[in-house]
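# Structure at a glance
If you want the building blocks of each chain, they are given just below.
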Amino acid sequence: MRIRPATLAELPALQAIERAAGEPFRTLGMAAIADDDPPTLDVLAGYQRAGRAWVAADHADHDDRPRAYLLTDVVDAAAHIEQVSVHPSAARRGTGRALIDHLTRTAASEGLTALTLTTFANVPWNAPYYARLGFRTLADAELTDGLREIRREEAAHGLDRWPRVCMRREL
């Protein structure tokens, strides 16, 4: 896999990756997550233009198609992982880790202090996976103002139907 910036022409492919990556949530009784719409093309284009959207592309298929993507924001001096999605065909091969490692290097070069994210606490490929990558769950008292706002937005979107956590990995 090669990590590189997403191109404007690839944004529909990122939506397809998101839809495919959502399907395994059905097996956990989380059909609403599987059915949730991916980010709009306008939202994705904003990340792409800002240089905050990366893809993992597969060289083996010789057409350099994205198999996974990562979107990031800066929230309270940390690189916040807004979304990381891996197509099931590329899962369990270190693709998500490679995207996060790329973000780690980028964030460090920009002088950011940490990586943060919000995720489902009890989904095996969510919080337990990130813990294996060195993220720790934050207590409520440790949440920054920006993370509190993200959690409010998630709750308004209905994501609090399942336990969620904020996680952080220092750089």
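The preceding data block contains the structure.
Because the structure is predicted, anything quoted here is derived from the model rather than measured.

## Description of the side chain of His80
In this structure, His80 sits in strand β4 (residues 78-86). Apart from residues no more than four positions distant in its own chain, His80 is found in contact with Leu71, Thr72, Asp73, Val75, Thr116, Leu117, Thr118, Leu147 and Ile150.

## Re the pairing of strand β5 (residues 114-120)
With seven of its seven residues buried, β5 lies for the most part within the structure. Across three bridges, the pairing between β4 and β5 is parallel. Counted as the bridge partner of His80 is Thr116 from β5. The β-α-β motif built from β4, the intervening helix α4 (residues 95-109) and the parallel element β5 has right-handed crossover chirality. For β5 and strand β7 (residues 164-170), the ladder comprises seven bridges, and the chain directions are antiparallel. If you follow Phe120 over to β7, its bridge partner there is Arg164.

## Describing the pattern of salt bridges
Using the criterion set out here, one finds 13 salt bridges in the structure. Close ionic contact of Arg26 with Asp35 constitutes a salt bridge, the shortest N to O distance being 2.4 Å. Two residues, Asp73 and Arg52, come together in a salt bridge whose shortest N-O distance is 2.3 Å. Linking Asp73 in strand β3 (residues 66-75) with Arg52 in the loop between α3 (41-49) and β2 (53-57), this pair joins segments that are 21 residues apart in sequence. Judged by its relative accessible area of 18%, Asp73 falls in the buried class. Counted as one network, the salt bridges with shared partners bring together Arg2, Arg4, Glu10 and Asp64.

What counts and what doesn't
Residues numbered from 1 in each chain as written. Predicted model: local features only at pLDDT ≥ 70, side-chain atom pairs only at ≥ 80, totals over all residues. Heavy atoms only, no water. Helix = DSSP H or I, 4+ residues; strand = E, 2+ residues; numbered from the N terminus. Contact = heavy atoms within 4.5 Å. Buried < 20%, exposed > 50% of the residue type's maximum accessible area, 1.4 Å probe, protein only. Pairing = 2+ DSSP bridges. Right-handed = clockwise from strand over helix to strand, strands pointing away. Salt bridge = Lys/Arg side-chain N within 4 Å of Asp/Glu carboxyl O.

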